[in-house]
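Reading the structure
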Amino acid sequence: MNLNLNLISDFNLDLLKRVIESKDISEINSVNTSSYGQLYQSIFSFEEDLNSINFIWSLPESHIKTFQSALNFEEINKTQLKKEVEEYANLLVNLSKKCKFILLPLWQRLPHYKTYGIIDLEIEFGRSKLINEMNLLLSNRFKNVNNVYLIDSSEWQLNNLEYMNPKIWYLAKSPFSNSIYKKVSETIISSIKTLNGNSKKLLIVDLDNTLWGGLIGELSYKGINIGGHNHIGEAFLDFQKSLLSLHNRGILLAIASKNDEEIALQAFKKNSEMILREEHFVAKKINWNDKANNIIEIAKDINIGLDSVVFIDDNPVEREHIKITLPEVYVPDWSLDPSMYAIKLNSLRCFDQVSFTKDDKNRNKTYLENKLRESSKEMIINKDNWLKELNTTVQIGELTNDNLQRITQLFNKTNQFNLTTRRLSGDEIKKYYSLVENKLITIDVEDKFGQLGLVGIIGLSRPSDITLNVVDLILSCRAMGRGIEETMLYLIGKNVKDACAKRFLINYKKSAKNNPVLHFLKSTKLENEKDSKFHSNNINDFLKPDSVKIIYKK
Amino acid sequence: MNDKSNTKEFILKLIYSIIDEHNLLNPEDLKLEKSLKTSLFGNESNLDSLGLVNFLVEVENTIKINFDQDICVINEELFLEENGPYDNVETLLDYILKQIK
C-alpha cells in the first residue's frame, strides 16, 4: 500500500523530507512537511486521509508553555504542566482518527536546555525529570490507542551537542545536523515497512566464522573459538546470545553452511560453550551445495517468501552471490570484526514488529511442530490419511478486545493467503466489523502436535438479502494445505444458510504475493469470472473436510 | 607542486566529499555534479536557499575538522555579490583558500 507521509513539526523538517525522498521508498507515495511554527495549525487543519502516516516531532518548549517557563527557571505548577501535555495528547488522539498511523518520537533533553546538573534527575523541577514525566503521560495516554506508535528517540542521540546545528537553526529553523536526519529517516522508513507488513521473519546464518571462530572441518568441535577466555570467543558467544533473543521474540532461525553436516552438528551437540542448540533452528542446510539453492529450499520448506528472509555470512563473496542471485533476500553488509557482530545484529530494524503476541513467542515451536507434521506426511504418503492422522480441531470465534491485536497482525503481516491484502489498523477493523451488516469469524487451529493459535479470518458483509460478500479471507501460511481452506469455505456456506441468504460472492484482488488464494479458489467448485470474482451456485457444494473437527467458542 | 596548490587540491577533495554526502541525502533534482563549474547559487543551481545554507555549514564543519580552524563561509552580504564565492565550486574554493591561515 502506498502511503502519504506527513512530517508535522514546529521546526523546519525540509531537510528530513529530502533525505527520505532520496531513498525512493516504494511504500511512500508522497512526503509533505508542515510550515515552521505551525504544529497546532497543521494538526487542527488536517483533512482525513486514511492512507497517511503522520510523523509528529516537536520541541516541547515551543508549545508546552509551562515547560518553557521551567526552562527559564521560573516557578511552575506541575498540575498545569500535566494539563498542557494531556491537551496536546488529546489533540493527537483526535488526529489518530483521521489518519492511518501516527509516529510520535518521545521528547529528549536537548543540549541547549540549561539544567540543574548532577541533581537534574532528582529534584522536583529538573529538566530531565520533567521530560521523563511528560513522556510517561504521553505513554499512558496512548496505551489504548492502537494506531499511535511512540518512537524511542534516544537512539538518535539528540542530547549530543555535536548533532545540534545552531547555525542552520538561526538561518533556517532546522535545529539538527544531517546525521540526525539520516538516523530519523531510517527510523521512519523501517517503521513504515513494519507497519506495512514487511518485517523479516527468518534469519539464515552461516556457521564458520559467523556463529563461531575458525573452520570446524579443520579444527573439530573442540577447536572452534566460542566463549572461553579470549575476546574473539566472547564476541561470538555474544552474537549467539543476540540470535537467541531474536529466536525468543519469534524470529525463525536457520542455517545455510558449506560443511560436512555430521562434523558441523557436533558443535551443537558436544561443545558446552555453545549457547545455540539444534532445536533453535527450524531448518538446516549443511552441505556443499550452492547457498542460494539452500536458501530457496529453506524458504520453501517452511513456506515463507524470500522477501521475508535475512542472510548473514562473514564471507563477502557469499553475500554478494546471494545479493545478486536472490535480490529479494536482505543481505546486510557484515563486519570483518567479530566483536561488532552482536551490535550489528541488534541494530538491524528489519525484524521490528508492530505487536508481540503469544503466537509470536511460540512461532519457532510451531514451525518445528510443522516439520514433524510434514515428516509424518512423508511416512503416510496418502494426503487424506495424513490429514486424518493430524486430528485437526478448528475453533470458531469472533472479534474481541482480547484477540484484536492478533487479528490486526494477521491483516497486516499475511501476504500469501490473503484475499485482498487490505491493511487495516486495529481501530479500522473494529469500526468495520462493528457494523451490523458485517461479521468477522476467527479460526483457531489445534492438532495432535500442538496449538497453531489464531491463524485464520473470514470477513463477511451482507449487501443484500440473498448474497453474502466475502470481504476478507486470511490464513497464516503455517496453516495452509491441511484442510483449513476448505473448512473456511464450508463455514462461509454455513453462514449463508444461517442468514437465510442464497449465495456468496468472493472478490479476489491480486497482489504480488497472494497467488495461493487464487490457486485455491480455482481448485474448488466456485464459479470463476476472470480470476477475480468467484461465486457459489450451490452452497451445499462446500462440505466440511472429514479430517477437521469444528467447535464453537462459547 | 607547492604547498598552496597542495592545499587547494585537498580543499577541492573535501568539497567533493561534501557533494557526495549531499547527493546521498537529496532526491535526484537536488543533486550536484562534482565539477569546478557547478553552480551553487542562483537560477542555474540545483540548490535552493535551505540546500545552500546546509551545504555551506557542512563546508565550515569539514574545514574545522581538517584544518582545526574556524572559518566563516556563510555571510549574508556575500549573497548579494555578483561573482561572489557562492557562484560555483571554483569561486567557493578560492574563497576558502583565502580564509585558511
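Residues numbered from 1 in each chain as written. Chains lettered and ligands numbered in written order. Predicted model: local features only at pLDDT ≥ 70, side-chain atom pairs only at ≥ 80, totals over all residues. Heavy atoms only, no water.

Things to note about helix H11 (residues 261-270) of chain A
Residue and element names in this part refer to chain A. Turning to H11, its buried residues are Ala-264, Leu-265, Ala-267 and Phe-268. Here the buried residues of H11 occupy an arc of 130 degrees about the axis, which is enough to place them on one side. Counted as exposed and oriented over 90 degrees from the buried face of H11: Glu-262 and Lys-269. Residues of H11 that are buried make contact with helix H9 (216-223), strand S7 (252-258) and strand S8 (283-287). (Buried < 20%, exposed > 50% of the residue type's maximum accessible area, 1.4 Å probe, protein only. Helix = DSSP H or I, 4+ residues; strand = E, 2+ residues; numbered from the N terminus. Arc of directions from axis to C-beta. Contact = heavy atoms within 4.5 Å.)

Quick word on the interface of chain A and chain B
With 14 residues of chain A at the contact, the number on the chain B side is 17 residues. Contact between chain A and chain B buries roughly 1400 Å² in total, counting both sides, with carbon and sulfur atoms accounting for 62%. Here Glu-60 of chain B and Lys-167 of chain A are joined by a salt bridge, their closest N and O atoms 2.7 Å apart. Between chain A and chain B we count seven residue pairs in polar contact (both at pLDDT 80 or more) in total. Of all elements in the fold, only helix H1 (14-23), helix H7 (166-172) and helix H8 (178-195) of chain A reach the threshold of two or more residues within the side of chain A that touches chain B. Considering each element in turn, the side of chain A that touches chain B owes the most residues, six residues, to H1 of chain A. Residue composition of the side of chain A that touches chain B, by class: five nonpolar, four polar and five charged. (Buried area = accessible area lost by both parts, 1.4 Å probe. Salt bridge = Lys/Arg side-chain N within 4 Å of Asp/Glu carboxyl O. Polar contact = N/O pair within 3.5 Å; in protein donor to acceptor, adjacent residues only side chain to side chain. Nonpolar A, V, L, I, M, F, W, Y, C, P; charged D, E, K, R; others polar.)

Points about the sheet that holds strand S9 (residues 309-312) of chain A
Sheets are built from strands that pair by backbone hydrogen bonding, the pairs being arranged parallel or antiparallel. Residues and elements named next belong to chain A. Spatial ordering of the open sheet is given by S8-S7-S6-S9, a layout of four strands whose pairing is parallel. The open sheet has two edge strands with one neighbour each: S8 and S9. Between one strand axis and the next, the sheet turns by 15 degrees as a mean value, whatever way the strands run. Across five bridges, the pairing between S7 and S8 is parallel. When the bridges of S8 are listed, Ala-256 appears paired with Lys-285. Set on the sheet, helix H12 (residues 291-301) makes contact with strand S6 (202-205), S7, S8 and S9; between it and S7 the angle comes to about 155 degrees. (Pairing = 2+ DSSP bridges. Axes fitted to C-alpha atoms, helices over the stretch in contact; angles between N-to-C directions.)

Some words on the environment of Leu-161 of chain A
All names here are of chain A. Within the secondary structure layout, Leu-161 lies in the loop between strand S5 (148-151) and H7. Taking the relative accessible area as the measure of exposure, Leu-161 reaches 62% and is therefore exposed. Sequence separation between Leu-161 and Val-184 is 23 residues; the distance between their C-alpha atoms is 17 Å.

Concerning the pairing of S7 of chain A
Residues and elements named next belong to chain A. The buried fraction of S7 is high, at six of seven residues. One ladder, built from four bridges, connects S6 with S7; its direction is parallel. Looking at S7, one finds that Val-205 is bridged to Ile-255. Each parallel crossover has a hand, and the one from S7 via H11 to S8 is right-handed. (Right-handed = clockwise from strand over helix to strand, strands pointing away.)

Brief notes about the packing of aromatic side chains
How two aromatic rings sit relative to each other is given by the distance of their centres and the angle of their planes. Residues and elements named next belong to chain A. Counted by the stated rule, this structure contains 24 aromatic pairs over all chains. Between Trp-334 and Tyr-341 the ring centres are 5.6 Å apart and the planes differ by 50 degrees, which places this aromatic pair in the tilted class. We classify Tyr-341 as buried; its relative accessible area is 3%. Between Tyr-432 and Tyr-433, the ring centres sit 4.8 Å apart and the planes meet at 85 degrees, which makes this aromatic pair edge-to-face. (Phe/Tyr/Trp six-rings, centres within 6.5 Å; stacked < 30°, edge-to-face > 60°.)

A look at the nonpolar core
The biggest cluster of nonpolar side chains holds 95 residues, and the ones touching the most others in it are Trp-57 of chain A together with Phe-55 of chain B. With sequence-adjacent residues up to four places away left out, Phe-55 of chain B is seen in contact with Ile-15, Ile-18, Ile-19, His-22, Leu-32, Leu-40, Leu-47 and Leu-92 of chain B. Ala-256, Ile-298, Leu-468 and Leu-473 of chain A belong to the second-largest nonpolar core, a separate cluster that totals 59 residues. (Core = buried A, V, L, I, M, F, W, Y, C linked by side-chain atoms within 4.5 Å.)

Regarding the side chain of Thr-414 of chain A
Residue and element names in this part refer to chain A. Relative to the assigned elements, Thr-414 resides in the loop between helix H18 (404-413) and strand S11 (417-418). A distance of 2.7 Å separates a polar side-chain atom of Thr-414 from the backbone oxygen of Leu-410. Ignoring sequence-local partners within four residues, the contact set of Thr-414 consists of Gln-409, Thr-421, Arg-423, Ile-474, Leu-475 and Ser-476.

Comments concerning the environment of Ile-19 of chain B
Residue and element names in this part refer to chain B. Mapped onto the fold, Ile-19 is located in helix H1 (residues 3-24). Judged by its relative accessible area of 0%, Ile-19 is buried. Separated by 31 residues in the primary sequence, Ile-19 and Leu-50 have C-alpha atoms spaced 15 Å apart. Apart from the residues lying within four places of it in its own chain, the contact partners of Ile-19 are Leu-32, Glu-33, Lys-34, Phe-55 and Val-89.

What about the confidence of the model for chain A?
Confidence along chain A averages 89 in pLDDT terms, with 96% of residues attaining 70 or more. Mean pLDDT values for the elements of chain A range from 66 in helix H16 (residues 363-380) of chain A up to 97 in S9 of chain A. (pLDDT = per-residue confidence, 0-100.)

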